[in-house]
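What the coordinates show
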Amino acid sequence: TVSNEHLLNSEGDMIREDEVDPSFQLFQTIRSSIAKVKKAKDKKKQSLLKELENSKSLEVTMKRANLIISNLYQLPSGIERAIVQDWDLDGEEVELVLSDEYNSAQEEADALFAKARKMKRGSFIVETLLIETEEALTLLNDAILDLDAVSDKGGDIDEGRLYLISDRLERSSSKTGFVMKDQKAQPSSPRKTKNNAGKQSTRPQNTFRKFKSPGGCIVLVGRNRRDNESICFQVSRPTDTWMHSRGCPGAHVLVQDRRGGPSPTDECLQFAANLAAFYSDARTERKAPITTASPRHIQKPKGAPLGAVKIREEGNTLIGFPADVDDNLKIAREESGVIWDESGSRSLGGKAKNRKKTKQNSKQESAKRRADKKAKKKRGQRDASGLPDFF
């Protein structure tokens, strides 16, 4: 229902809800609904314009990166500043001051190019969203103008035109986000057929282990082959970092690097490398080499089993230290056969006991088979001698 503060006649006097004409009530509802949606779109537009303004520094970033690369031969390791030639200014000599955040000029140039690529992708997305938002605002502003023309000076409402406006707003709601104020969105349900009626989806769900690195990045660790497959080919993005313990079976690990989120630091990557070593057959080692790669270089060999992948191009090799993971993870791993003490020492646990017990059972079974064989041979000798057999 429409609140009483909106129910006014042409003279501005309050009228009771039961005296309200349905057309007038619809008119007020549409107007307030448009105002609410338009306010949200205006706010979104301002936010996008701000992001677009920030992305304009792309040109400056690319210019500095190209300036460093074109004069790299004049920038030996350890240099802080140098007089170089700017070919964008026809070879004019300029002073280039290198950032102290990087170990070399090459490293700074690589970082600037990577930043520029992200900015370029971000600016394209922002521009697309801005165009869509401006189109939505145009539709909403047109509807407001048409709505103002529905009512004449005497306060009478053209009901036919009003319903045409309402229908047009409903049809364009996917672009504008318009929802009638009193209308609640109903979740769409899939069409039922004779084959799927009453059936629930049996598609297996991912069961990743999920961690947060010291730098705030999300780190996913597969629990099984299906998780490993999903990490490589469904969840990962080209900007992420994939890891796996080298030369032994283990979980696939993914460090997420997404737009709007924190970028992985060296500490984040080491955190993930320790997890990759811990959740592998190298967990009892002091340290283990960890292979890294960009998800874009991960391939699925033809006919390979679930979770098996091939790396087209490896990244840097890290060293994982399984003893450096959180103590709670070590406690949870005790049942798997590895126990860690506070100093990082390791000893075999349940699995060793199980192996010992299995070995004892095997010896007992062998001894029983030998005894049965011996007894059978003895019975055969008695039968041959004609002596009675007693049990």
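In what follows, the structure referred to is the one given above.
Residues numbered from 1 in each chain as written. Predicted model: local features only at pLDDT ≥ 70, side-chain atom pairs only at ≥ 80, totals over all residues. Heavy atoms only, no water.

Some remarks on the sheet that holds strand 10 (residues 318-320)
To keep things clear, this is the line we draw: Whether two strands pair depends on DSSP finding at least two bridges between them. What counts as a helix is a DSSP run of H or I of at least four residues, what counts as a strand is a run of E of at least two, and both are numbered from the N terminus. For helices, the fitted axis covers only the stretch in contact; all axes are lines through C-alpha atoms, and the angles between them, taken along N-to-C directions, range from 0 to 180 degrees. The contact rule is simple, with two residues in contact once any of their heavy atoms fall within 4.5 Å.
Read across the sheet, six strands follow the order 3-4-6-5-7-10 without closing on themselves; strand pairing throughout is antiparallel. The outermost strands of the open sheet, each flanked by one partner alone, are strand 3 (209-212) and strand 10. Averaged over all neighbouring strand pairs, the angle between strand axes comes to 30°, with direction disregarded. In the sheet, strand 5 (residues 241-245) pairs with strand 6 (residues 253-255) via three bridges, with the strands oriented antiparallel. Residue pairing in the sheet places methionine 243 in a bridge with valine 253 of strand 6. Sitting on the sheet, helix 6 (residues 225-235) touches strand 4 (218-221), strand 5 and strand 6, and the angle it makes with strand 4 is about 135°. The strands touched by helix 7 (residues 266-278) within the sheet are strand 3, strand 4, strand 5, strand 6, strand 7 (288-293) and strand 10, with strand 10 carrying the most contacts at an inclination of about 55°.

Here's the deal with the packing of aromatic side chains
Operational definition: Under the pairing criterion, centres of Phe, Tyr and Trp rings, with the six-membered ring standing for Trp, must be within 6.5 Å; the plane angle then separates stacked pairs below 30 degrees from edge-to-face pairs above 60, leaving the rest tilted. Each residue is placed in one exposure class: buried if its accessible area under a 1.4 Å probe, protein chains only, is under 20% of its type's maximum, exposed if it is over 50%, and partly exposed if it falls in between.
Applying the stated criterion across every chain yields a total of two aromatic pairs. Between phenylalanine 211 and tyrosine 279, the aromatic rings sit 6.5 Å apart at their centres with planes inclined by 40°, giving tilted as the arrangement. Taken together, the residues span a long stretch of sequence, with phenylalanine 211 in strand 3 and tyrosine 279 in the loop between helix 7 and strand 7 at a distance of 68 residues. Among the residues examined, phenylalanine 211 registers a relative accessible area of 16% and is labelled buried. Their ring planes at 85° and their centres at 5.1 Å tell us that phenylalanine 278 and tyrosine 279 sit as a pair that is edge-to-face. For phenylalanine 278, a relative accessible area of 0% gives the class buried. Among the residues examined, tyrosine 279 registers a relative accessible area of 8% and is labelled buried.

Quick notes on the pattern of salt bridges
Note the following rule: What makes a salt bridge here is a side-chain nitrogen of Lys or Arg within 4 Å of a carboxyl oxygen of Asp or Glu, nothing more.
Tallied over the entire structure, the rule returns eleven salt bridges. Across the pair arginine 64 and glutamate 108 runs a salt bridge, and its minimum N-O distance is 2.8 Å. Within this pair, whereas arginine 64 is found in helix 2 (residues 58-70), its partner glutamate 108 is found in helix 3 (residues 105-148), the two being separated by 44 residues in sequence. Overall, arginine 64 belongs to the partly exposed group, its relative accessible area being 27%. Looking at glutamate 108, the relative accessible area reads 2%, which means it is buried. The partner of aspartate 327 in a salt bridge is lysine 330, and the shortest N-O contact between them spans 3.5 Å. Here aspartate 327 pairs with lysine 330, and both are found in helix 8 (residues 327-332), just three residues apart, close to one helical turn.

Concerning the pairing of strand 1 (residues 81-86)
As defined by bridge partners, strand 1 adjoins strand 2 (residues 92-97) across six bridges and the pair is classed as antiparallel. Of the residues in strand 2, the one forming a bridge with aspartate 86 is glutamate 92. Between the end of strand 1 and the start of strand 2, which pair antiparallel, lie five residues, with aspartate 90 showing a positive phi angle near 60°.

Describing the side chain of aspartate 227
Put simply, the rule reads: Counted as positive: Lys and Arg. Counted as negative: Asp and Glu, with His and the chain ends omitted from the count. In the analysis that follows, any N or O atom pair within 3.5 Å is treated as a polar contact, provided that within protein one partner can donate a hydrogen and the other can accept it, and provided that, for residues neighboring in sequence, both atoms belong to side chains.
Here aspartate 227 shows up in helix 6. An unpaired buried charge is present at aspartate 227: no salt bridge exists, and arginine 223, the closest side chain of opposite charge, is 5.3 Å distant. Within the structure, aspartate 227 has its side chain in polar contact with the side chain of threonine 207 (distance 2.7 Å). Non-local contacts of aspartate 227, meaning those with residues more than four positions away in its chain, are made with Asn206, Thr207, Phe208 and Gly222.

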